[in-house]
Amino acid sequence: MMIVGLTMAIAAQAQYYNYQKLRTPFHENKIFVGSSLSGFDFNYSDMEDVKIDLKAQLGYLFFDNVLGYGEVGYNNGGKGPHSISVGAGFRYYIEQNGLFIGAKLGFIHAHKSYNDLMPGVEIGYAYFLSRSVTLEPAIYYNQSIKNHSDYSNIGVRIGLGIYLND
């Protein structure tokens, strides 16, 4: 009887180990810490010249392949005013290949009299440099609610992400 119990315990442990190995790299209960740099916008307005947009993100994978995050950012403005931003969004990782799609809502404060809500969408790829560190290029579109022609933008972003186990 003890031999049967011991055999079952070893088999259960092996099944658990195999399950953990086969799980997606974007499995639930991971913490995400990221930063990104953009300044490569393809704009159709005259408000921006060369600009640098820095963002920091903190998120959590609530379900396998579903990340919710918050972000803060700073933009030097190019020809326009400097701005700060805060926002929240989510990403959905398509299977285990690293391709993701996302949506967010951001609040921009550009100067004393300009505040704007900017919903946005993105598509990107999380390329693993190591077991938990990713390089994340993405293409995004942000829609200005208040002033579409001057502040909406399409751009390319490069990010660095760290996925921490729970």
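Reading the values: rules and limits
- Residues numbered from 1 in each chain as written.
- Predicted model: local features only at pLDDT ≥ 70, side-chain atom pairs only at ≥ 80, totals over all residues.
- Heavy atoms only, no water.
- Helix = DSSP H or I, 4+ residues; strand = E, 2+ residues; numbered from the N terminus.
- Buried < 20%, exposed > 50% of the residue type's maximum accessible area, 1.4 Å probe, protein only.
- Contact = heavy atoms within 4.5 Å.
- Areas by Shrake-Rupley, 256 points an atom, 1.4 Å probe, with all protein chains shown as cover.
- Pairing = 2+ DSSP bridges.
- Phe/Tyr/Trp six-rings, centres within 6.5 Å; stacked < 30°, edge-to-face > 60°.
- Lys NZ or Arg CZ within 6 Å of the ring centre and 35° of its normal.
- Salt bridge = Lys/Arg side-chain N within 4 Å of Asp/Glu carboxyl O.

Asker: I'd like a description of the overall build of the protein chain, backed by residues and values.
Answerer: A count of helical and extended segments in the protein chain gives two helices and nine strands. Secondary structure elements of the protein chain, listed N to C terminal, follow the sequence α-β-β-β-β-β-β-β-β-α-β. The buried share of the protein chain, reckoned over its 166 residues, is 36%. Across the protein chain, the fraction of contacts at a sequence separation of at least 24, relative to all contacts at a separation of at least 6, is 54%. As displayed, the protein chain has an accessible area near 9,800 Å², and 68% of this comes from carbon and sulfur atoms.

Asker: Residues and numbers for the pairing of strand β9 (residues 153–164), please.
Answerer: Alternating positions in β9 separate cleanly, Asn153, Gly155, Arg157, Gly159, Gly161 and Tyr163 being buried on one face and Ile154, Val156, Ile158, Leu160, Ile162 and Leu164 remaining unburied on the opposite face. Note that strand β8 (residues 133–142) and β9 share 10 bridges and pair antiparallel. Residue pairing across strands places Thr134 opposite Gly161, the latter belonging to β9.

Asker: Account for the packing of aromatic side chains, with residues named and values stated.
Answerer: This structure, assessed with the given rule, holds eight aromatic pairs. Consider the rings of Phe128 and Tyr163, whose centres lie 6.2 Å apart with planes at 40 degrees: the pair is tilted. Highlighted residues: Phe128 in strand β7 (residues 127–128) and Tyr163 in strand β9, separated in sequence by 35 residues. Look at Phe128 and you get partly exposed, because its relative accessible area is 25%. The structure contains a cluster of three or more aromatic residues connected by ring pairs, namely Phe26, Phe32, Tyr93, Phe100, Phe128 and Tyr163. Lying across the ring of Tyr114, Lys146 places its NZ or CZ 5.5 Å from the centre. The ring of Tyr140 carries Arg157 above its face, with NZ or CZ at 4.1 Å from the centroid.

Asker: I'd like to hear about the pattern of salt bridges, residue by residue, with values.
Answerer: Enumeration according to the criterion identifies six salt bridges in this entry. Glu71 is the salt-bridge partner of Lys55, the closest N and O atoms lying 4.0 Å from each other. Within this pair, whereas Lys55 is found in strand β2 (residues 53–63), its partner Glu71 is found in strand β3 (residues 66–75), the two being separated by 16 residues in sequence. Classification of Glu71 by relative accessible area gives buried; the value is 8%. The residue Lys104 makes a salt bridge to Glu71 at a minimum N-O spacing of 2.6 Å. Here the residue Lys104 occupies a position in strand β5 (residues 99–111), and Glu71 occupies one in strand β3, the gap between them amounting to 33 residues. Both residues of the pair, Lys104 and Glu71, belong to the buried class.

Asker: Explain the environment of Asn153 residue by residue, including any values.
Answerer: Position of Asn153 relative to the elements: it lies in strand β9. Along the primary structure Asn153 and Tyr140 are separated by 13 residues, whereas in three dimensions their C-alpha atoms are 8.2 Å apart.

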